[in-house]
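Examination of the molecular architecture
Listed below are the residues making up each chain.
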Amino acid sequence: MAGWRIPPPRAPTRTGSAHAHDRERKVRELEADGLLCSPRIKAALLKVKREDFVPPEYRDYAYEEVPLPLPGAAATISCPHSYPLFYEPLGLDLGHRFLEIGTGSGYGAAVAREVVGNAGLVVSVELDPLTHAFARGNLERAGYRDVVLVLGDGWHGHAAAAPFDRIAITAACEEIPPPLVDQLASGGRLIAPVVDAQGRQVLTLLTKRADGSTLREELCEVLYVALRRPAGAAPTSRAAPAARQRRAGSR
Ligand code: SAH
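Bear in mind the structure is a predicted one, so any value in this text is a computation, not a measurement.

Spatial strand order, β5-β4-β3-β6-β7-β8-β9: 7 strands in an open sheet with mixed pairing. Since the sheet does not close on itself, it has two edges, and those belong to β5 (148-151) and β9 (214-222), each with one partner. Each strand of the sheet is rotated relative to its neighbour by a mean of 15°, with strand direction disregarded. In this structure, strand β6 (residues 164-169) lies alongside strand β7 (residues 184-195), joined through 4 bridges in parallel fashion. Bridged to phenylalanine 164 within β7 is leucine 184. The sheet contacts of helix α3 (residues 82-90) involve β3 (97-101), β6, β7, β8 (201-208) and β9, and relative to β7 the element is tilted by about 150°.

Here we take up the site of the ligand. Taken together, 25 residues are adjacent to the ligand, and Tyr83, Ser105, Glu126, Gly154 and Arg228 come closest. Taking glycine 154, its main chain carries an N or O atom lying 2.7 Å from a nitrogen atom of the ligand. Considered on its own, the ligand offers 580 Å² of accessible surface; in the complex 100% of this is hidden by protein. Of all elements in the fold, only β2 (76-77) and β4 (121-126) reach the threshold of two or more residues within the shell around the ligand. Taken together, the residues that form the shell around the ligand break down as 10 nonpolar, 11 polar and 4 charged.

A separate point is the pattern of salt bridges. All chains considered together, the criterion is met by 12 salt bridges. In this structure, aspartate 60 and arginine 10 form a salt bridge, with 3.3 Å as the shortest nitrogen-oxygen distance. Of this pair, aspartate 60 sits in the loop between α2 (39-47) and β1 (68-69) while arginine 10 sits in the segment before α1 (16-32), and the two are 50 residues apart along the sequence. Salt bridges here are not isolated pairs; linked through shared partners, they connect Arg14, Asp22 and Arg25.

Reading the values: the criteria
Residues numbered from 1 in each chain as written. Predicted model: local features only at pLDDT ≥ 70, side-chain atom pairs only at ≥ 80, totals over all residues. Heavy atoms only, no water. Pairing = 2+ DSSP bridges. Helix = DSSP H or I, 4+ residues; strand = E, 2+ residues; numbered from the N terminus. Axes fitted to C-alpha atoms, helices over the stretch in contact; angles between N-to-C directions. Contact = heavy atoms within 4.5 Å. Near = heavy atom within 4 Å. Polar contact = N/O pair within 3.5 Å; in protein donor to acceptor, adjacent residues only side chain to side chain. Areas by Shrake-Rupley, 256 points an atom, 1.4 Å probe, with all protein chains shown as cover. Nonpolar A, V, L, I, M, F, W, Y, C, P; charged D, E, K, R; others polar. Salt bridge = Lys/Arg side-chain N within 4 Å of Asp/Glu carboxyl O.

Printed below as a string of structure tokens:
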């Protein structure tokens with residue numbers, strides 16, 4: 001699958017009302033495409049200003065269907081349709097304890113925080129210190145002060161706040177990290193792009209049954225940045241070819 005074509009960086013020109021118009025049009029488009037159904041996810045996408053989670057040189061492109069580069073070694077804000085693509089099959093809802101792996105811009109965490117509400121919890125883990133700091137600034141400026149941001153290897157999840165009702169891994173992994181399945185509540189769901197034997201990334205939904213067994217469903221082919229492991233971390237079951245580690249963006 002081809003990578004994404006990133007638009008050229010430029011000084012921002014669009015006004016707040018132009019962005020608001022783009023945001024409403026994008027939400028209508030996602031609904032018309034059948035990607036967006038949940039009223040809570042819709043309200044969240046209408047509320048969170050995506051342009052405030054994009055570096056200034058890409059701000060004008062905030063609602064275009066491309067992933068945009070972020071500070072850090074290999075981070076992007078996923079393209080707008082990624083969020084309902086993940087959160088609709090997850091059934092993300094009011095009161096959920098939600099874990100995101102790959103904070104990126106913080107936008108996905110902000111949207112999730114709107115969906116889960118005051119009674120829920122959002123924890124987001126990011127490996128790259130520069131990306132983590134960028135997300136922290138964005139979330140603070142936007143007023144999301146109770147999102148728990150963790151700097152570290154998302155492979156290990158965040159046992160201190162487990163169990164989670166819903167988990168989203170926003171980077172492509174060779175296998176679903178077992179600690180994340182362990183940290184999933186009974187009846188919980190996890191979604192992740194999983195690399196298959198042919199090197200394709202398949203968006204995969206895992207449900208944990210009451211008896212602890214898991215059910216896996218393959219949803220569609222996608223293209224995300226790779227879930228990286230820090231130097232010295234135990235290898236995953238299959239080694240990731242170097243070509244897959246390039247900045248690929250996300251669908
Ligand atoms: N959800 C983000 C987009 C994430 S892009 C958003 O809404 O903007 C994928 C992110 O995963 C990148 O920021 C990358 O640095 C991060 N990442 C890669 N490997 C990781 C790991 N092992 N643990 C945590 N984060 C990781």
